[in-house]
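These are the residues of each chain, in order.
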Amino acid sequence: MSSAEELTPELMLAFYRRLYPFKSIFGWLNHELAPTKLFTHREFAFTLAGDVYLRYNSFKDAEDLKKQVLALNPTRFEIGPVYSARPRDKKTVLAINFKPILRELVFDIDMTDYDSIRTCCSDAGICRRCWNFISVAVRVLDQGIRDQYGYKHLLWVYSGRRGIHLWISDKEAMELTDDERKALVGWMTVIQGGKDVHKKVNVRTGLSPLPPSLQLALETLRTTFSEFVLPDQDPFHSTEGWEALLQLIPHAETVKKLRDDWSDAPYSTSEERWDDFKRIIQKQEKGSRLRKTLEYAAEDIAIQYTYPRLDAEVSKHRNHLLKAPFCVHPKTSRVCVPVDPANIERFDPGRVPTVGQLLGELDKAVADASDKEGQDGGEHRSGEYGFYVPCSYI
Amino acid sequence: MYKVQKKKPEVDIHSQLKYRFRLNFYDKPPLDDIIIEDFETFALDRLRVLAEIETAFVRNSPWETIKKHTEDQCRKYLELGHTTAKTKDLDRERQKDHISHFVLRLAFCRTEELRRRFVKAETTLFRIRYANEDPQELISFLKSRDFDWVEVSSAEIEQYRDQLDAAGGKGSDTFYKVGLNRDAVVVFPEVIGLHQVKWTRVPDLVEKRKVFLKGGMAYVSSKEQSSIIFQSFQAHLEKALELTAKALPRLDEDTRIVPILDHLSQGFLAGGTSEWNNATSANGDEITADMVDDISRKHFPACMRNLHNALKRDRHMKHFGRLQYGLFLKVLGLSIDEAITFWRRGMSTIQDDKFNKEYKYNIRHSYGLEGKRANYPAKSCQQILMNDQPGSGDSHGCPYRHFSPENLQTALLSMYSSQGLTSADIPEIMQIVKGGHYHVACTRVFEITHAKYGIRKDNGVGDGESVTHPNQYAAKSRELELGATKGAVKKDTDGDVAMS
Ligand SMILES: [Zn+2]
């Protein structure tokens, strides 16, 4: 990844003035052409240079928002819920008349939650290889939410560095209470437990098949496990790696056998070790309790190494703020562009344009165009840079 | 709507009853005139049950224990017979249930905290009654209400059989057979256009992945059907309480009712209300001034142990302390003459002259022999907890509430270690105290110090009842001792002499 260009205030201001798609953001939040409470009662929070944080701003329309952004020139801004009164009036209305009422259902997936299972990068790092974890998360969640909850208006947005956000704008999703969000997140949360917990997948009751929500995802997860995790991430190659795997096998005899074998085979790949485990399973009598136990353990392991890891707190509360799409990530200078879930595998976080690149290209395009007939270089041109703007509400 | 089935004897009984069903969703307030005495006594009886439920939750009792305690309490205070029980005055029982629920709504709608606790206790009571409902009656009751669910067609069941099985966690046999209608089994809330309900009707099942979801609809197995009903009961009650809260300012003008409501909601905060006037007759034996010291060591709750020790130590006691302790001793069985002896000896810093002039009068007064000659009851835990907060020179009050944590630990160990309390028990008790559940802490100490009589955790002072009155504590303790020395005691659990 190239080191970030310097984000000067001038660069940011030019970006907001010439490129930021205020009208699209307005249309997406507002759901219709004339401003509604969905926009006018919506909280915007600005982060200014020097970590000044301004909450409870609200605006009449796209133009009003743009004016304020240009005046403040924030390093980024966040979008909160629709309140029962205009957020800018918060100080003058009674507390009981100022409550969050509507909010997109949001999800946040961050690569750092994968540090215990990815081997190519760590911490803030991300590359095309570990992006595969995000890809599979997007596919599983996108499919699961559409199928199980019937929501249709899903917007996936690259978070600018090492993660992805999902915004769901269906009316019913916006109306969910915090308790209902908590229930939904509970349904979606499969990987649970901190560093001290080895087995992070505990979704079965006894020796039973997976709940239906996971059965739908299982095919995708299995494929990812065998085609990406094992050969590419090679998580069981190191002693530490295969010991972590053994922790997840609930049968002492099998564990002992594998440990004995693997202690003498330091160069084996994860695929070879996984085959060793599978061979033991196949040796057990069909339909026996032990075989079932091991088969389910293998399924749970594949899930543990592939299932989306959610930051649950973000999704549970209506008043949580989330960075607006198309903002610029201050560390990478990259623009938080929407991502098409159908082509998520082709998305490369390393090739997302930075502010400087975008402005440079825009200058060039404007120069080219003015050579011909002098068009304006307005917002609509952002389409040329691969931005994907869902038009369902616009 | 309710479908009339083939004529059966039960149907006739139904039609004669004003309250057709044992279970009640409390949609409509009682419209009959209510006499003010019923207003309060019905509510107090219900409150005892709800307070026990709350206490059981605080004590983290397992569901089976909560259920059993609640059933025991209901039998005493809020009996609700099955429709098939022809011998009982079912309408009267159901009316009491109905009225008491609505009175408590008035008392508990007033703060968010009270509403929350009331809803939890009431929903639990409903769940327990639901679990004990006769299957036939339950079907009629469920048919009498619109729960907004539809049965899934068999074609659809076939289509999603695998997923439904997986959601049920077991093989298809059990999944489809448990439930109300033996044949039709899987129900699902409806979707929007079709007058249907969404997954948000069963958030608890969704969170635990116990349903199959498709397009925002939850397919709920009959096994989990009760979840919809309980959620519906709860949501209904929450909404109703908020509406009542808004309407209540008008009620504040009715001066007869407001003090009763205050009393009721306070009672809940202190873990139930209790009058304990019958303990003397129950035990039947008088006690003398000489016996008090010995009895105090074996049978007194911490508040009275503390008062007794303070009197021995200071040889004097201030007004509220004398009042709290004196009335307790009266109900315990100390006659007026013995009381005068006891206090004359105890208050040894006072000259005879002064004692006879001032203190003797007070003692006789508290026995109803002077002044307006009222028979004052002993103070309940609620009164001790809520009224007359002790100042620095006072010894009255409730040690669990009014002592600092350090002093409480020391005091408990010095009072009760001879009866089996050890420092290993202290953290649990302090945890309960920290949560503000003083009567639960006191109950736990009772259990620990009466283990030798076979009292176990969750037994409380008997039948899982928790401490609500110092005299109840002492009487139960003495009963246990008596039972152990004489063999079996023939007494019902209430401490009343069984009538036959
Ligand atoms: Zn990487």
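Residues numbered from 1 in each chain as written. Chains lettered and ligands numbered in written order. Predicted model: local features only at pLDDT ≥ 70, side-chain atom pairs only at ≥ 80, totals over all residues. Heavy atoms only, no water.

Novice: Where do I start with the overall build of chain B in this structure?
Specialist: When helices and strands are counted, chain B shows 24 helices and four strands. Of all 500 residues assigned to chain B, the portion counted as buried reaches 52%. Put simply, 72% of the contacts in chain B that link residues at least 6 apart link residues at least 24 apart. Accessible surface for chain B amounts to roughly 23800 Å². Of this, 51% is attributable to carbon and sulfur atoms. (Helix = DSSP H or I, 4+ residues; strand = E, 2+ residues; numbered from the N terminus. Buried < 20%, exposed > 50% of the residue type's maximum accessible area, 1.4 Å probe, protein only. Contact = heavy atoms within 4.5 Å. Areas by Shrake-Rupley, 256 points an atom, 1.4 Å probe, with all protein chains shown as cover.)

Novice: Would you explain the UniProt feature "binding site: [4Fe-4S] cluster" (unreviewed entry) in chain B in this entry?
Specialist: Residues and elements named next belong to chain B. Cross-referencing UniProt, the feature "binding site: [4Fe-4S] cluster" (unreviewed entry) maps to Cys303, Cys381, Cys398 and Cys442 in the present numbering. Spanning 140 residues, the named residues nonetheless gather at one spot, since no C-alpha pair among them exceeds 10.3 Å. By secondary structure assignment, the location of cysteine 303 is in helix 15 (residues 302–314). Residues within four places of cysteine 303 in sequence aside, it is in contact with Gln324, Gly397, Cys398, Pro399 and Pro470. The residue cysteine 381 is located in helix 19 (residues 381–386) in this model. (UniProt positions renumbered as here; feature names shortened; annotations may be inferred.)

Novice: Sorry if this is basic, but what is going on with unusual backbone geometry here?
Specialist: In this model, asparagine 73 of chain A sits at a positive phi of 45°, which is unusual for a non-glycine residue. Within the secondary structure layout, asparagine 73 of chain A lies in the loop between helix 4 (62–72) and strand 3 (76–83).

Novice: Whenever I open this one, the sheet that holds strand 6 (residues 154–158) of chain A confuses me. Can you help?
Specialist: Hydrogen bonds between backbone groups are what pair the strands of a sheet, and the pairing can be parallel or antiparallel. All names here are of chain A. With antiparallel pairing, four strands are arranged side by side in an open sheet as 5-7-6-9. Only two strands of the sheet have a single neighbouring strand rather than two, namely strand 5 (105–110) and strand 9 (338–339). Pairing of strand 6 with strand 7 (residues 163–168), which is carried by five bridges, proceeds in the antiparallel orientation. Residue tyrosine 158 lies in a different strand from strand 7, and its bridge partner there is isoleucine 164. (Pairing = 2+ DSSP bridges.)

Novice: Sorry, what's going on with the interface of chain B and chain A here?
Specialist: Often, the extent of an interface is quoted as the loss of accessible area on bringing the components together. On the chain A side, the residues contacting the 19 residues of chain B number 23 residues. The partner of aspartate 147 of chain A in a salt bridge is lysine 214 of chain B, with the nearest N and O atoms 2.5 Å apart. At the junction of chain B with chain A, the criterion picks out nine residue pairs in polar contact (both at pLDDT 80 or more). Looking at the side of chain B that touches chain A, the elements with two or more residues in it are helix 8 (161–168), helix 10 (203–207) and strand 3 (212–214) of chain B. The residue inventory of the side of chain B that touches chain A, partitioned by class, reads 10 nonpolar, five polar and four charged. (Salt bridge = Lys/Arg side-chain N within 4 Å of Asp/Glu carboxyl O. Polar contact = N/O pair within 3.5 Å; in protein donor to acceptor, adjacent residues only side chain to side chain. Nonpolar A, V, L, I, M, F, W, Y, C, P; charged D, E, K, R; others polar.)

Novice: So what exactly am I meant to see when it comes to the packing of aromatic side chains here?
Specialist: For any pair of aromatic rings, the description consists of the separation of the ring centres together with the inter-plane angle of the planes. All told, the structure shown has 50 aromatic pairs over all chains when counted by the stated rule. With a centroid separation of 5.1 Å and an interplanar angle of 80°, the aromatic rings of phenylalanine 236 of chain A and tyrosine 305 of chain A are classed as edge-to-face. Taken as a pair, phenylalanine 236 of chain A in the loop between helix 8 (212–233) and helix 9 (239–246) and tyrosine 305 of chain A in the loop between helix 12 (289–304) and helix 13 (312–316) lie far apart in primary sequence, 69 residues in all. Tyrosine 305 of chain A matches phenylalanine 236 of chain A in its accessibility class, with the two residues each being buried. On the numbers, 5.5 Å between centres and 90° between planes, the contact of phenylalanine 342 of chain B with tryptophan 343 of chain B is edge-to-face. (Phe/Tyr/Trp six-rings, centres within 6.5 Å; stacked < 30°, edge-to-face > 60°.)

Novice: What's the story with the packing of helix 3 (residues 63–77) of chain B against helix 5 (residues 112–131) of chain B in this structure? I'm lost.
Specialist: Any two packed helices are characterised by the angle at which their axes cross and by the distance between the axes. All names here are of chain B. Contact geometry of helix 3 with helix 5 gives a least axis separation of 10 Å together with a crossing angle of 85°. For the element pair helix 3 / helix 5, the angle class is roughly perpendicular. For the pair helix 3 and helix 5, contact is made by Trp63, Ile66, Lys67, Thr70, Glu71 and Cys74 and by Thr124, Leu125, Arg127, Ile128 and Ala131, respectively. Considering only residue class, the contact of helix 3 with helix 5 consists of six nonpolar, two polar and three charged. (Axes fitted to C-alpha atoms, helices over the stretch in contact; angles between N-to-C directions. Parallel < 35°, antiparallel > 145°, perpendicular 65-115°, else oblique.)

Novice: Looking at this structure, how should I read the coordination of the zinc ion?
Specialist: When a metal holds four donors in a tetrahedron, each ideal angle between them is 109.5 degrees; when it holds six in an octahedron, the ideal angles are 90 or 180 degrees. Residues and elements named next belong to chain A. Within the protein, Cys120 (SG), Cys121 (SG), Cys127 (SG) and Cys130 (SG) serve as the donor atoms for the zinc ion, at 2.2 to 2.3 Å. One way to put it: the four donor atoms around the zinc ion meet at angles of 101 to 120°, and that makes the site tetrahedral. Along the chain, the residues that donate to the zinc ion are spaced as C-C-x5-C-x2-C. In this pair, cysteine 120 sits in the loop between strand 5 and helix 5 (128–149) while cysteine 130 sits in helix 5, placing the two residues 10 residues apart along the sequence. Residue classification places cysteine 130 among the buried positions, given a relative accessible area of 0%. (Donors = N, O, S within 2.8 Å, 3.2 Å for Na, K, Ca; no water. Tetrahedral: all angles 85-135°; square planar, octahedral: opposite > 155°, others 65-115°.)

Novice: What exactly am I supposed to notice about the side chain of asparagine 73 of chain A here?
Specialist: In this structure the side chain of asparagine 73 of chain A is engaged in a polar contact, spanning 3.5 Å, whose partner is the backbone nitrogen of leucine 13 of chain A. Discounting residues that sit within four places of it in the chain, asparagine 73 of chain A has contacts with Pro9, Met12, Leu13 and Tyr16 of chain A.

Novice: Would you mind going over a negative patch on the surface with me for this structure?
Specialist: On the surface, Asp179 of chain A together with Glu112, Glu238 and Glu242 of chain B cluster together into a negatively charged patch. Its place among the elements puts glutamate 238 of chain B in helix 11 (residues 225–251). (Patch = residues over 30% accessible without salt bridge, like charges linked within 9 Å, V, L, I, M, F, W, Y side chains within 5 Å. Lys, Arg positive; Asp, Glu negative; His and termini not counted. Charge placed at Lys NZ, Arg CZ, Asp CG, Glu CD.)

Novice: In this structure, what is going on with the UniProt feature "repeat: TPR" (unreviewed entry) in chain A? I would like to understand it.
Specialist: In the UniProt entry, the feature "repeat: TPR" (unreviewed entry) is given for residues 43–76 of chain A. Helix makes up 32% of residues 43–76 of chain A and strand makes up 38%, while its end C-alpha atoms are separated by 14 Å.

Novice: What is the right way to read the pattern of salt bridges from this model?
Specialist: Any two side chains of opposite charge can pair, on the condition that their charged atoms come close. Residue and element names in this part refer to chain A. A complete count under the given rule lists 49 salt bridges over all chains for this structure. A salt bridge links glutamate 175 to lysine 171, with the nearest nitrogen and oxygen atoms 3.0 Å apart. Given the relative accessible area of 36%, glutamate 175 is considered partly exposed. Linked by salt bridges that have partners in common, Lys199, Arg204, Glu219, Arg222, Glu299 and Asp300 make up one network.

Novice: Sorry if this is basic, but what is going on with helix 7 (residues 178–188) of chain A here?
Specialist: Since one α-helical turn is 3.6 residues long, residues separated by three or four positions face the same way. Along helix 7 of chain A, eight of the 11 residues are buried, which leaves the element largely enclosed by surrounding structure. Residues Glu180, Arg181, Ala183, Leu184, Val185, Gly186, Trp187 and Met188 of chain A constitute the buried set of helix 7 of chain A.

Novice: Help me understand the packing of helix 10 (residues 252–263) of chain A against helix 11 (residues 270–283) of chain A in this model?
Specialist: Residue and element names in this part refer to chain A. Two elements in contact, helix 10 and helix 11, have axes whose closest approach is 11 Å; the angle formed by their N-to-C orientations is 145°. Between helix 10 and helix 11 lies a crossing whose hand is right-handed. On helix 11, the residues touching Thr254, Lys257, Leu258 and Trp262 of helix 10 are Arg273, Asp276, Phe277 and Ile280. (Left-handed = near helix turned anticlockwise from the far one by under 90°.)

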